[in-house]
Amino acid sequence: MNGMNGGGVGAGPASGRTNHTHRLRGLVGTGLTATLAATVATTLAAALAQAVGVDFEVPDGGETIPLSGFAVVTGLFSVVGIVIAVALLRWSPRPAERFVWTAVSLTTISLVPPLLPQRDSARRKGVREVCPSPAERSGAV
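Note that the structure is a prediction, hence the values are computed from the model and not measured. (Residues numbered from 1 in each chain as written. Predicted model: local features only at pLDDT ≥ 70, side-chain atom pairs only at ≥ 80, totals over all residues. Heavy atoms only, no water.)

**Regarding a nonpolar patch on the surface**
Cut-off, in case you're wondering: Two distance rules govern patches: like charges are joined within 9 Å, and nonpolar side chains (Val, Leu, Ile, Met, Phe, Trp, Tyr) within 5 Å, applied only to residues with over 30% relative accessible area and no salt bridge. Residue exposure ignores everything except the shown protein chains as possible cover, and the areas themselves are Shrake-Rupley values with a 1.4 Å probe. A pairing counts as a salt bridge when a side-chain nitrogen of Lys or Arg comes within 4 Å of a carboxyl oxygen of Asp or Glu. By the criteria applied, helices consist of DSSP H or I runs no shorter than four residues and strands consist of E runs no shorter than two, each listed in order from the N terminus.
On the surface, Val73, Leu76, Phe77 and Val80 cluster together to form a nonpolar patch covering roughly 370 Å² of accessible area. Checked against the element boundaries, Leu76 lands in helix 3 (residues 67-91).

**Here's the deal with the packing of aromatic side chains**
Which entries qualify depends on this criterion: For Phe, Tyr and Trp, rings pair up if their centres lie within 6.5 Å, where Trp contributes its six-membered ring, and each pair is then called stacked (planes under 30 degrees apart), edge-to-face (over 60) or tilted (otherwise).
All told, the structure shown has one aromatic pair when counted by the stated rule. Judged by centre distance (4.8 Å) and plane angle (65°), the ring pair of Phe56 and Phe70 falls under edge-to-face. One end of the pair, Phe56, is in the loop between helix 2 (13-51) and helix 3; the other, Phe70, is in helix 3, with 14 residues separating them in the sequence.

**Quick look at the packing of helix 3 against helix 4 (residues 95-110)**
Helix-helix packing: each pair is described by the crossing angle between the helix axes and the interaxial distance. Stated precisely, the cut-off is as follows: Axes, fitted as lines to C-alpha atoms, cover a helix only where it is in contact. Angles between the N-to-C directions of the axes lie from 0 to 180 degrees. Throughout, a crossing is termed right-handed when the near helix is turned clockwise from the far one, and left-handed when it is turned anticlockwise from it by less than a right angle. We call two residues contacting when some pair of their heavy atoms lies within 4.5 Å. Think of it as three bins: nonpolar holds Ala, Val, Leu, Ile, Met, Phe, Trp, Tyr, Cys and Pro, charged holds Asp, Glu, Lys and Arg, and polar takes everything else, Gly as well.
Where helix 3 meets helix 4, the axes come as close as 9 Å, and the angle between the chain directions of the two elements is 145°. The two elements helix 3 and helix 4 meet at a crossing, and its hand is right-handed. Taking contact as the criterion, the partners of Gly81, Ile84, Ala85, Leu88 and Leu89 in helix 3 are, on helix 4, Pro95, Arg98, Phe99, Thr102 and Leu106. Here the contact of helix 3 with helix 4 is built from residues that sort into seven nonpolar, two polar and one charged.

**Description of the environment of Glu63**
Operational definition: Exposure categories follow from relative accessible area, calculated using a 1.4 Å probe and restricted to protein chains: below 20% of the type maximum is buried, above 50% is exposed, and the middle band is partly exposed.
Along the chain, Glu63 turns up in the loop between helix 2 and helix 3. On the accessibility criterion, Glu63 (58% relative accessible area) is exposed. Beyond its immediate sequence surroundings of up to four residues, Glu63 is in contact with Phe56, Glu57 and Val58.

**Re the confidence of the model for the chain**
Inclusion rule: Values of pLDDT, ranging from 0 to 100, describe the predictor's confidence in every residue of the model.
Confidence in the prediction of the chain, expressed as mean pLDDT, is 82, and 72% of residues score 70 or more. By mean pLDDT, helix 1 (residues 2-5) is the weakest element of the chain at 48, and helix 3 is the strongest at 96. Within the model, pLDDT remains below 50 along residues 1-8, and this stretch shows zero contacts once partners closer than five positions in the same chain are excluded.

Below, the structure is given as structure tokens:
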């Protein structure tokens with residue numbers, strides 16, 4: 001009887017699978033909770049900024065970014081982060097370290113476009129002269 005219990009509970013191959021499944025569920029659950037919190041916080045911050053007079057107008061189009069746009073983008077890219085974390089948990093020997101490096105790299109890349117010089121409107125004007133919109137052709141603009 002002692003020989004039957006000698007391996008201990010959880011010593012078989014199913015133990016590693018259960019542990020991995022538990023870690024995966026924990027990661028996804030925590031990630032979705034963080035996604036919800038980030039979405040609410042971002043939308044609330046945008047609503048407060050809008051209440052004090054901050055304008056979320058897109059410079060080129062003149063359209064205003066709706067509050068729901070902040071929620072959608074935050075939620076979408078948070079889910080992308082969860083997918084990256086799940087992939088790293090599955091295939092990386094050091095998933096936490098790799099996730100930090102990935103997050104810092106992607107954040108750094110996302111900060112580059114605002115630092116680039118903005119293209120002047122002359123190029124857009126040239127495109128409009130070659131391919132005018134219907135409103136520009138009718139003289140309404």
